[in-house]
Amino acid sequence: MYGAAVTVRYSLLLDQFMQIVILKDSAAVAAYGANIFIKQLQKRSHSVLGLATGSTPVSLYQQLIEATKAGNISFSNATTFNLDEYLGLAGTHPQSYRYFMKQQLFDHIDIDQTNTHVPPGDAANPIAACQGYEQQIEAAGGIDIQLLGIGRNGHIGFNEPSSGLMSRTRVKTLTKATIDDNARFFEADEYQPHLSITMGIGTIMDAKKVVLLATGANKAEAIKATVEGPLTAACPASALQMHKDVVLVIDEAAAASLSDCDFYKHIEAENQKLMARLGL
Ligand SMILES: N[C@@H]1[C@@H](O)[C@H](O)[C@@H](COP(=O)(O)O)O[C@@H]1O
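Cut-offs and rules
Residues numbered from 1 in each chain as written. Predicted model: local features only at pLDDT ≥ 70, side-chain atom pairs only at ≥ 80, totals over all residues. Heavy atoms only, no water. UniProt positions renumbered as here; feature names shortened; annotations may be inferred. Helix = DSSP H or I, 4+ residues; strand = E, 2+ residues; numbered from the N terminus. Contact = heavy atoms within 4.5 Å. Polar contact = N/O pair within 3.5 Å; in protein donor to acceptor, adjacent residues only side chain to side chain. Phe/Tyr/Trp six-rings, centres within 6.5 Å; stacked < 30°, edge-to-face > 60°. Buried < 20%, exposed > 50% of the residue type's maximum accessible area, 1.4 Å probe, protein only. Core = buried A, V, L, I, M, F, W, Y, C linked by side-chain atoms within 4.5 Å. Pairing = 2+ DSSP bridges. Axes fitted to C-alpha atoms, helices over the stretch in contact; angles between N-to-C directions. Disulfide = S-S within 2.5 Å. Near = heavy atom within 4 Å. Areas by Shrake-Rupley, 256 points an atom, 1.4 Å probe, with all protein chains shown as cover. Nonpolar A, V, L, I, M, F, W, Y, C, P; charged D, E, K, R; others polar. Expected span 1.5 Å × (residues − 1). Arc of directions from axis to C-beta.

For the chain, an unreviewed UniProt entry supplies the name Glucosamine-6-phosphate deaminase and the organism Shewanella piezotolerans. Check the Catalytic activity (unreviewed entry) section of the UniProt entry for the chain; it says "alpha-D-glucosamine 6-phosphate + H2O = beta-D-fructose 6-phosphate + NH4(+)".

Engineer: Pulling in residues and values, what's your account of the UniProt feature "site: Part of the allosteric site" (unreviewed entry) in the chain?
Structural biologist: Within this structure's numbering, the places UniProt gives as "site: Part of the allosteric site" (unreviewed entry) are Ser163, Arg170, Lys172 and Thr173. Relative to the helices and strands, Arg170 is located in strand E7 (residues 170–173). With sequence-adjacent residues up to four places away left out, Arg170 is seen in contact with Cys130, Asn159, Ser163, Gly164, Ser196, Ile197, Thr198, Met199 and Gly200. A polar contact of 2.9 Å, which involves the side chain of Arg170, links it to the side chain of Asn159. Mapped onto the secondary structure, Lys172 falls in strand E7. Not counting residues within four places of it along the chain, the set of residues in contact with Lys172 comprises Phe158, Glu160, Ser163, His194, Leu195, Ser196 and Thr198.

Engineer: Just give me the short version of the packing of aromatic side chains, but keep the residues and values in it.
Structural biologist: Within a pair of aromatic rings, the relevant descriptors are the distance that separates the centres and the angle that separates the planes. Using the criterion set out here, one finds 6 aromatic pairs in the structure. Between Phe81 and Tyr133, the ring centres sit 5.7 Å apart and the planes meet at 80°, which makes this aromatic pair edge-to-face. Linking Phe81 in strand E3 (residues 79–82) with Tyr133 in helix H6 (residues 126–139), this pair joins segments that are 52 residues apart in sequence. With 5.7 Å between their ring centres and 75° between their planes, Tyr86 and Phe186 make a pair best called edge-to-face. Linking Tyr86 in strand E4 (residues 84–86) with Phe186 in the loop between helix H7 (176–182) and strand E8 (195–198), this pair joins segments that are 100 residues apart in sequence. Judged on exposure class, the residue Tyr86 and its partner Phe186 are both buried. Cluster of aromatic residues (ring-pair linked, three or more members): Tyr86, Tyr97, Phe158 and Phe186.

Engineer: Describe the nonpolar core, listing the residues and the values that go with them.
Structural biologist: Grouped together as the largest cluster of nonpolar side chains are 64 residues, with contacts concentrated most on Leu64 and Ile250. Among the elements that line this core, the one with the most residues is helix H3 (residues 26–43), at 6 residues. Contacts of Ile250, omitting those with residues within four sequence positions, involve Ile20, Val21, Ile22, Leu23, Val29, Ala214, Ile223, Ala255 and Leu258. Counting residues in hydrophobic clusters, the runner-up holds 7 residues, among them Tyr86, Tyr97, Ile179 and Phe186.

Engineer: How would you explain the sheet that holds strand E1 (residues 19–23) if you had to name every residue and give the values?
Structural biologist: Adjacent strands of a sheet pair through backbone hydrogen bonds, lying either parallel or antiparallel. Within the open sheet, the 7 strands sit side by side as E1-E10-E9-E6-E2-E3-E5. Their pairing is parallel. The sheet is open, and its two borders are formed by E1 and strand E5 (116–117), each paired with just one other strand. As judged from the 2 bridges shared by strand E2 (residues 48–51) and strand E6 (residues 145–148), these two strands associate in the parallel manner. By the bridge assignment for E6, Leu49 is matched with Ile145. The sheet strands contacting H3 are E1, E2, E6, strand E9 (209–214) and strand E10 (246–251), and the helix crosses E10 at an angle near 150°.

Engineer: Go over the state of the cysteines, please, and point to the residues and values.
Structural biologist: Within this structure, the stated rule accounts for 0 disulfides. Cys261 supplies the cysteine sulfur nearest to Cys235, a cysteine that is in no disulfide, at a spacing of 17 Å.

Engineer: Which residues make up the UniProt feature "active site" (unreviewed entry) in the chain, and what are the values?
Structural biologist: Within this structure's numbering, the places UniProt gives as "active site" (unreviewed entry) are Asp84, Asn153, His155 and Glu160. When you line up the elements, Asn153 lands in the loop between E6 and E7. Look at Asn153 and you get partly exposed, because its relative accessible area is 22%. Setting aside anything within four residues of it in sequence, one finds Asn153 in contact with Glu160, Pro161, Thr175, Ala177, Thr178, Ala234 and Pro236. Of note is the side chain of Asn153, whose polar atom sits 3.0 Å from the side chain of Glu160.

Engineer: Before we move on, could you go through the site of the ligand and cite the residues and values that matter?
Structural biologist: In the vicinity of the ligand there are 13 residues, among which Ser55, Thr56, Asp84, His155 and Lys219 approach most closely. Between the ligand and Thr56, the relevant distance is 2.4 Å, taken from an oxygen atom to a side-chain nitrogen or oxygen of the residue. Between the ligand and Gly157 there is a distance of 3.2 Å, counted from a nitrogen atom to a backbone nitrogen or oxygen. Burial of the ligand by the protein amounts to 95% of the accessible area it has alone, namely 390 Å². Residues that form the shell around the ligand fall into these classes: 3 nonpolar, 7 polar and 3 charged.

Engineer: Please provide a residue-by-residue account of helix H4 (residues 58–69), values included.
Structural biologist: Spanning 12 residues, H4 covers 17 Å between terminal C-alpha atoms, matching the ideal 16 Å at 1.5 Å per step. All buried positions along H4 are accounted for by Leu60, Tyr61, Leu64, Ile65, Ala67 and Thr68. Take H4 and look down its axis: the buried residues cluster within an arc of 165°, on one side only. Its buried side turned inward, H4 meets H3, E2, helix H5 (97–104), E6 and E9.

Here it is as structure tokens:
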């Protein structure tokens, strides 16, 4: 159906489409995503990596740990910035995202933990802390690759629907849907914060490359809105349609609501052929 058209073959590299990679399952998604980060660190050991929490990136982190232990990559020169943190939780709190990152990645790799940054949930002045976080990112030279998950309502980081599409790091109120989704990480009688500090959508858009992972049927509507919906603050991830270098790595279940899956798969297959031919 798409066979002959040279314009289609070169479409991705020339027109900088949102790259959509649809894979069989969550294991394939994690492996594909991990490979992007492994290549980045091999190319540039001083990379500045934007990291994410949630359940989706956990197996990607596992693969980065394995690659470090195998000596294939090193984080010794790397710097990291996490997307977000619960406001009111210190980094030592077991439900904080700093704690999560230590458990899932930082404590198992050769990174200098003074080069890992997570917004300070216990800051005495959160507004000043948000400005400080932006300044730290800038001082590090900006983020080379930003990893993202996505919420069921299309949020990225903690940029909930109605977030400004140009927003910077700031305090955000969480929606009931996000509080309910994340309740699974908290004990029944445990305090669950309703506020966060999150990089803004503008902050995320400044990353040189963005890699968004999504798996499972409960992400299908958010992925449809991200890819095929209008550019709207009602789906914060739709802002990625404006990014110059973004790849969505999703499994079949998360892709299930897309109306043009075959076309996206075709573009990706052609893109892979082109990259192989160019030795990229
Ligand atoms: N702030 C995080 C997001 O960064 C993450 O993308 C989302 C989805 O999490 P999961 O991957 O567990 O579905 O959860 C939280 O709200």
